[in-house]
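Take a look at the letters that make up each chain.
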Amino acid sequence: MGVIKGVLKEELENSIRMKSGYERELSKLPKGSLVKKKVKGHEYYYILLREKGKVKFIYKGKVSDEEVKKYREVKEYRAKYRKLLSQVKKQIRFLRSTLRGKESI
Amino acid sequence: MEKNQYELCVKVLKRLEKVGVLKDVILIGSWCIPFYKEYFAGIKYISAIKTRDVDFLIPNPHGIKVNVNIPELLKDLGFIIGYRGAKGYIKLEHPDLVVEFLSPEKGRGTDKPVPLPKLGVNAVALRFLSLLTDNVIKAKVEDFEVLLPHPANFALHKLIIFQRRFKEDKAIKDRNAAVEILRALINKGDTTLLRHVFNSMLPKWQKKVIAGLEETKEKELLSLLFAK
């Protein structure tokens, strides 16, 4: 087996493992995002999430600044992990198609 | 991807430098080769194939004083913890880079990871790594410095370990990297230094280096470097 082919094969194994890793991290994050609503001049927080294709608001009432910060961080990590997961999936597709070639690389 | 990889690698190094860990680790593996550019300035030198693995060698795992959780430190860059094997070796994974810690094997050795509780990770203990800690150089990266094994030690180490690889392609990659660095050292005029490093090695290890060079069929290198 050529050196490059061996490296690509190893990278494919790594990418597959990494895909599971990002999926696991995403599943660990709390679902939904925190949204603020103003009702009769008062501000209340809701958790906005999607369940069976339907958008759902779950009442949270008043929340601490700490919790607002936590949900903001969760939102950032979710976006980051989704982007990286998509990058890993692209790598897997690329590596699989490259390795599928019959000629030695 | 390569530009992203390099930028991410520099970010990782910068963070480790900021928290005071970088001075306790040596960058080894294929990722130290691009940082040899400064050492080989003006010499014909082609950087070998880099994988995603960025390996940090910790010469003295028990001597680490700083208390920094590295997975947390790199979390916002997108690194996640990946466990390998039944023993639970920790790797910090990102689509562009995989960070791993290694340490020189002591005594009879063990297949268990070396815990690094102060850093929140563990290290893989491997034989012959002490060869990389004996002689280190500093390479300037942006506004800080990173420790690298001297290219002579790096090349001689590769000559030993390529013979121990199970996978043929990895063995060829290591062998090619060793030969490339040796040639660059000779072109730089470092033959005497190379001989000195070789002579300071254990006789058992010297034999392995010679066997490695014989296997590469680089007779010219062999006679040039180790002629008596």
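Everything numeric in this text was worked out from a predicted model, so none of it was measured.

Colleague: Can you help me understand the overall build of chain B in this one?
Modeller: Looking only at helices and strands, chain B features 8 helices and 9 strands. Its C-alpha atoms give chain B a radius of gyration of 17 Å, within 12% of the compact-globule value 17 Å for 228 residues. Taken along the three principal axes of its C-alpha coordinates, chain B extends 50 × 40 × 30 Å. Per-residue burial over chain B gives 38% buried out of 228 residues.

Colleague: Quick question: what am I supposed to make of the overall build of chain A here?
Modeller: A count of helical and extended segments in chain A gives 2 helices and 3 strands. Reading chain A from its N end, one meets helices and strands in the order α-β-β-β-α. In summary, chain A has a C-alpha radius of gyration of 21 Å against a globular reference of 13 Å for 105 residues, an excess of more than 25%. Expressed as lengths along the three principal axes of its C-alpha atoms, the size of chain A is roughly 70 × 30 × 15 Å. Evaluated residue by residue, chain A yields a buried proportion of 10% over its 105 residues. Looking at chain A alone, contacts between residues at least 24 apart form 61% of all its contacts between residues at least 6 apart.

Colleague: I would appreciate a short explanation of the interface of chain A and chain B in the present structure.
Modeller: Frequently, the measure chosen for interface size is the accessible area removed from exposure when the parts meet. With 19 residues of chain A at the contact, the number on the chain B side is 15 residues. Of all the secondary structure elements, the ones that give two or more residues to the side of chain A that touches chain B are helix 1 (3–28) and helix 2 (65–100) of chain A. Ranked by the residues each element gives to the side of chain A that touches chain B, the list is headed by helix 1 of chain A, at 12 residues. Residue classes in the side of chain A that touches chain B are distributed as 8 nonpolar, 6 polar and 5 charged.

Colleague: When you look at the packing of helix 4 (residues 151–161) of chain B against helix 5 (residues 168–188) of chain B in this model, what are you seeing that I'm missing?
Modeller: Describing two packed helices takes the angle between their axes plus the distance from one axis to the other. Residues and elements named next belong to chain B. One way to put it is that helix 4 packs onto helix 5 with a least axis distance of 8 Å and a crossing angle of 150°. As far as their axial angle goes, helix 5 and helix 4 are roughly antiparallel. Judged by the twist between their axes, the crossing of helix 4 over helix 5 is left-handed. When helix 4 is examined against helix 5, the residues Pro-151, Ala-152, Phe-154, Ala-155, Lys-158, Leu-159 and Ile-161 are found in contact with a partner set consisting of Asp-174, Ala-177, Ala-178, Ile-181, Leu-182 and Leu-185. Classifying every residue of the contact of helix 4 with helix 5 by side-chain character gives 11 nonpolar, no polar and 2 charged.

Colleague: It is not clear to me how helix 2 of chain A should be interpreted in this structure. Could you clarify?
Modeller: An α-helical segment advances 3.6 residues per turn. Residues three or four places apart therefore align on the same side. All names here are of chain A. Between the first and last C-alpha of helix 2 there are 52 Å, a value that for 36 residues agrees with the 52 Å anticipated at 1.5 Å per step. The set of residues buried in helix 2 consists of Tyr-81, Leu-84, Val-88 and Gln-91. Where helix 2 is buried, its residues meet helix 1.

Colleague: Is there a simple way to explain the environment of B:Ser200 in this structure?
Modeller: Along the chain, B:Ser200 falls in the loop between helix 6 (191–199) and helix 7 (203–216). Sequence spacing of B:Ser200 and B:Asp134 is 66 residues, and the spatial spacing of their C-alpha atoms is 9.9 Å.

Colleague: Would you mind going over the packing of helix 1 of chain A against helix 5 of chain B with me for this structure?
Modeller: Taken N-terminus to C-terminus, the directions of helix 1 of chain A and helix 5 of chain B make an angle of 115°; their axes are 8 Å apart at the nearest point. Of the two elements, helix 1 of chain A crosses helix 5 of chain B, and the hand of that crossing is left-handed. Note on element contacts: helix 5 of chain B touches helix 1 of chain A through B:Asp169, B:Lys170, B:Ile172 and B:Lys173, opposite A:Val3, A:Lys5, A:Gly6 and A:Val7.

Colleague: Could you clarify how one ought to interpret the nonpolar core in this entry?
Modeller: One recurring pattern in soluble globular proteins: nonpolar side chains tend to sit buried together. B:Val25, B:Leu27, B:Cys32, B:Leu57, B:Leu148 and B:Ala155 are the most contacted members of the largest nonpolar core, which has 61 residues in total. A per-element tally of this core places helix 4 of chain B first, with 7 residues. A:Met18, A:Tyr81, A:Leu84 and A:Val88 belong to the second-largest nonpolar core, a separate cluster that totals 5 residues.

Colleague: Help me understand the pairing of strand 1 (residues 33–39) of chain A in this model?
Modeller: Along a regular strand, successive side chains alternate from one face of the sheet to the other. Residue and element names in this part refer to chain A. Counting buried positions along strand 1 gives 0 out of 7 residues, so the element sits mostly on the surface. Alignment of strand 1 against strand 2 (residues 42–51), held across 7 bridges, turns out to be antiparallel. Its bridge partner being in strand 2, Lys-37 is matched across the sheet by Tyr-44. The antiparallel pairing of strand 1 with strand 2 creates a hairpin that spans 2 residues between the two strands, and Lys-40 there sits at a positive phi of about 45°.

Colleague: Help me understand unusual backbone geometry, please; the structure alone is not making it clear to me.
Modeller: Trans peptide bonds make up the majority, and among non-glycine residues the majority have a negative phi. All names here are of chain A. The phi torsion at Lys-40 lies on the positive side, around 45°, for a residue other than glycine. With a phi close to 50°, Lys-52 is a non-glycine residue in the positive phi region. Its place among the elements puts Lys-52 in the loop between strand 2 and strand 3 (54–61).

Colleague: Please clarify how the pairing of strand 7 (residues 121–126) of chain B should be interpreted in this entry.
Modeller: Residue and element names in this part refer to chain B. In the sheet, strand 5 (residues 98–104) pairs with strand 7 via 3 bridges, with the strands oriented parallel. Paired with Leu-102 across the two strands is Val-124, which belongs to strand 7. Sheet topology places strand 6 (residues 114–116) next to strand 7; 3 bridges connect them, and they run antiparallel. Residue pairing in the sheet places Leu-116 in a bridge with Val-121 of strand 7.

Colleague: Explain the sheet that holds strand 1 of chain A to me, please; I cannot follow it from the model alone.
Modeller: The strands making up a sheet associate through backbone hydrogen bonding, with each pair oriented either parallel or antiparallel. Residue and element names in this part refer to chain A. Taken together, the 3 strands give an open sheet; going across it, the order is 1-2-3, and neighbouring strands pair in antiparallel fashion. Looking at which strands have only one partner, the edges of the open sheet turn out to be strand 1 and strand 3. Adjacent strand axes in the sheet meet at a mean angle of 40°, parallel and antiparallel pairs treated alike.

What counts and how
Residues numbered from 1 in each chain as written. Chains lettered and ligands numbered in written order. Predicted model: local features only at pLDDT ≥ 70, side-chain atom pairs only at ≥ 80, totals over all residues. Helix = DSSP H or I, 4+ residues; strand = E, 2+ residues; numbered from the N terminus. Rg over C-alpha atoms; globule rule 2.2 N^0.38 Å. Buried ≥ 20, exposed ≤ 12 C-beta atoms within 10 Å, placed from the backbone. Contact = placed C-beta atoms within 7 Å. Nonpolar A, V, L, I, M, F, W, Y, C, P; charged D, E, K, R; others polar. Axes fitted to C-alpha atoms, helices over the stretch in contact; angles between N-to-C directions. Parallel < 35°, antiparallel > 145°, perpendicular 65-115°, else oblique. Left-handed = near helix turned anticlockwise from the far one by under 90°. Expected span 1.5 Å × (residues − 1). Core = buried A, V, L, I, M, F, W, Y, C linked by C-beta atoms within 7 Å. Pairing = 2+ DSSP bridges.

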